[in-house]
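A structural walkthrough
Spelled out, the chains give:
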Amino acid sequence: MDRQAVLLVEDEYIIALDIRSTLEHIGYEVAAVASTGEEAVELSRKMRPGIVLMDIILGGEMDGVEAARLIRESMDVPVVYLTAYTDEATFNRARATEPYGYILKPVSSDTLYTTIETALQRHRLEIRLKHSEDLLNRTGEMARVGGWEIDLASDRVYWTGVTHRIHEVPDDYIPTVAEAVKFFAPLHVPVISEAVERARNEGVPYDLELEFITANGKNLWVRAMGVPEFRDGRCVRLFGTFQDITERKSAEDRLIQANEDLTRAHEEMEAANEELAASQHELIQAHGELKEKEERFRMLFNHSLDAIMLADDEARYVDVNPASCALTGYDREELLNMTVMGLTPSVLLETGKKMWDEFVAAGAMKGEYSLTRKDGSQIDVEFSATSHITPGLHLAILRDISSRKKSEKERLESEERLRNLIEHMPVLVDAFDADGVPLFWNRECESVTGYAAEEIVGNPRAFELLYPDEAYRNELMRWVEENQGDFRDSEWTLTAKDGSKKTVRWSNISSHRPMPGWYTWAVGVDVTGLKKS
C-alpha cells in the first residue's frame, strides 16, 4: 500500500518519540516532528505532507486548532487531532476546522492506523468529488445548462450556479416555486405552472421551451425540463435541468429567414433565365428570316431592353440598337467606328481576341464578359452570341448583370456566413444527400463523436462507423426514411470514435433545406450526461 508522509505535531518530547516510533512501525514515513503551531504551518508549506497529526494543546501563541485551520485553508492537507482532553469551547473550535478524525491519547497502533487510513481515503474521495463537481459546473457553464430541485417540504427551489447566472441573481438566492415561476414571460407562466403541478400531482415529466425574463430584464428563451420521483404513490422529489437556448432559437429564426431569401432569389433567377432564353430564341429566329421579316426585326431590334450588336468578320460593329448605346455610353456613330476589342478592357485584350476566334469558329457562344464603357467604368455583361447568322455577319445579345453579380456575391457571402454559423453552433448539425451520404458535419459533431468532418463527409460508409450494429443501423435508416423532414426530439445512440456510446436527441426544425443539395438534415443535442444522471 502507498503510505503518505506524516507531519507529527506534538510539544511533549517523550510522547512525540513514542508516536513517531509507532507510525514508523506500522509503515508510515514521518516527514518531520513539530512542537509549535507556527512550526507546523511552516513545515507543512515546505514539505507538503500527506497528512498532519496535530496535538490540540500546544505551547506558544498558536494552538493546534489555529494551526490546523491555516494548514487546511492554504494547503488542503487532511488534519487528524491528537488530544487527551479538551474543554467544550476548544472542541467546538476544533470541530469548525472540519478535521478528518480525532485520536485520544495514549495512542494505540491499531487506532492510529485505522484513523489515518480513514482520513486519507476520505480526503481522496473529497478530491475526486470536487473534481467531478468542477467538471460538471464547467460543462454546464459551456452549454449554459443548469440544474434545479424543489424542496417539497419548504416549497423552495434550489438552483445550481449556472441556473443562478441564467436568472441573473446572486448564488444565495433561494426562491419559492411561485417566485421562480414569475421569471417566465406572462404568456408562459400558466404553461410552466401547470406543468409543475402535473409533475407533482400526477407524475408527468415535462420538457418545455419558453420565453423568459431575467432579474435584470433580459429576454431569453430557455428549455425547462422536470422529472418527478414517486414512492408509494407520493411525489418525494422533483428536479430537472434549465438551459439557455436563446442563441439556438435565434439561429433557427435566421436559418428560416435565410432559406426563404435563398428560395426567393432562386425563383427570380429562374424567371430571369427563362426570359433571357425566350428573348434569345426570338432574336435568332428573326435573323434567320431577315429578308422576310425586316420590319419585325427592326422593331424588336430598336425596342429591345437588351443590347443587340452586329459585327463583321473583322470584329467591326456594323449595327447596334439603342440599348447598346445605353449599355456602353457611346452613341451609335461612335460604336460603328469601333471593334469588339475597343470595348474590351486592356487587361483582357488577349483573352478577348482568343474568345472572338473561338466564337466565330464554334458558331455560338454564351457566357459572361467585361466591357469598358465610354466613361472608363467597367461592367459585367451576360452574352449570347451566334456567328454567321448570314455569311460574314455575327450577332451578340448583351445584358448588364453588374447588379446581379453583386447580388450573387452577396448571396454567396450570406451562404458562407450561414455555413459558418451552422459550423460553429453549440449543437450537432448534419446533412445528407438523397443516397444517405453525409454532406455536412459541424464542429459539435466532431467534438461529440470524435470523427473529423474529413472522415464523415462524402463517406458512404459513415453510418457503419457511427452505428456499427447492423440491426440498429437498419432500424435507424428505416426511421429516417419514414420521418425525413418532420421529427423532433428523437433519441438515437451512436458509437464515438473512441468506442464510447453517445445518446443524441435529434430534431428537424424546418422542412426547408438551407444549403443546396441537402436532401435531409437535422439538429442534435448530446444528452448522454442527462441520461446517466
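Since we're looking at a predicted model, the values are computed, not measured.

Right, let's get into the packing of aromatic side chains. Geometrically, a pair of aromatic rings is defined through the distance of the ring centres and the angle of the planes. According to the stated counting rule, one finds 18 aromatic pairs in the structure shown. Each ring, one from Phe184 and one from Phe212, has its centre 5.5 Å from the other, and the planes form 80 degrees; the classification is edge-to-face. With Phe184 in the loop between α7 (177–181) and α8 (189–202) and Phe212 in strand β8 (residues 206–213), this residue pair connects regions lying 28 residues apart in the sequence. Residue Phe212 is classed as buried on the basis of its relative accessible area, which comes to 1%. An aromatic cluster is present here, built from Phe432, Phe463, Tyr467, Tyr472, Trp479, Phe487 and Trp492 joined pairwise through their rings. Between Arg237 and the ring centre of Phe239, over which it is positioned, the NZ or CZ distance is 4.0 Å. Just above the ring of Trp221 sits the side chain of Lys249; from NZ or CZ to the centre is 4.4 Å.

The next subject is the pattern of salt bridges. Applying the stated rule across the entire model yields 38 salt bridges. Among the ionic pairs, Glu252 bridges to Arg248, the shortest N-O distance being 2.9 Å. Residue Glu252 and its partner Arg248 are located together in helix α9 (residues 246–288), separated by four residues, close to a single helical turn. Judged by its relative accessible area of 11%, Glu252 falls in the buried class. Arg248 gets classed as buried once you look at its relative accessible area, which sits at 15%. The partner of Arg404 in a salt bridge is Glu382, and the shortest N-O contact between them spans 2.8 Å. With a gap of 22 residues between them, Arg404 in helix α14 (residues 402–423) and Glu382 in strand β14 (residues 378–390) connect regions that are remote in the sequence. Connected through shared salt-bridge partners, Glu368, Glu382, Arg404, Lys405 and Glu408 make up one network.

This part is about the sheet that holds strand β9 (residues 219–231). Spatially, the five strands line up as an open sheet ordered β7-β6-β10-β9-β8, and their pairing is antiparallel. If you trace the sheet from one side to the other, it starts and ends with β7 (156–159) and β8, each paired once. For this sheet, the mean inter-axis angle between neighbouring strands, taken without regard to orientation, is 25 degrees. Pairing between β8 and β9: eight bridges, direction antiparallel. Each bridged residue has a counterpart across the sheet, and for Glu209 the counterpart in β9 is Arg223. Helix-sheet contacts for α8 involve β6 (145–151), β8, β9 and β10 (234–244), and the interaxial angle to β8 is about 145 degrees.

Rules used in this analysis
The residue numbers shown here count from 1 along each chain, following its written sequence. Reporting in this predicted model follows two pLDDT cut-offs: at least 70 for local features of residues, and 80 or more for side-chain atom pairs to be given and counted; totals over whole chains, interfaces and linings ignore these cut-offs and use all residues. Side-chain figures throughout are based on the complete set of non-hydrogen atoms in the structure, without hydrogens or water. Here the aromatic set is Phe, Tyr and Trp, taking the six-membered ring for Trp, and pairing holds for ring centres within 6.5 Å; pairs whose planes are under 30 degrees apart are stacked, those over 60 apart are edge-to-face, and all others are tilted. Secondary structure elements are taken from DSSP: a helix is a run of H or I of four residues or more, a strand is a run of E of two residues or more, and numbering for both begins at the N terminus. Partly exposed residues are those whose accessible area sits between 20% and 50% of the maximum for their type, while under 20% is buried and over 50% is exposed, using a 1.4 Å probe and protein chains only. A ring has a charge above it when a Lys NZ or an Arg CZ is no more than 6 Å from the ring centre and no more than 35 degrees off the ring normal. Salt bridges, as used here, are contacts in which a Lys or Arg side-chain nitrogen is within 4 Å of a carboxyl oxygen on Asp or Glu. Paired strands, as defined in this entry, are two strands with at least two bridges between them according to DSSP. Inter-axis angles, ranging from 0 to 180 degrees, are taken between N-to-C directions of lines fitted to C-alpha atoms, where helices are fitted over the stretch in contact. By definition in these notes, contact holds between two residues if any of their heavy atoms fall within 4.5 Å.

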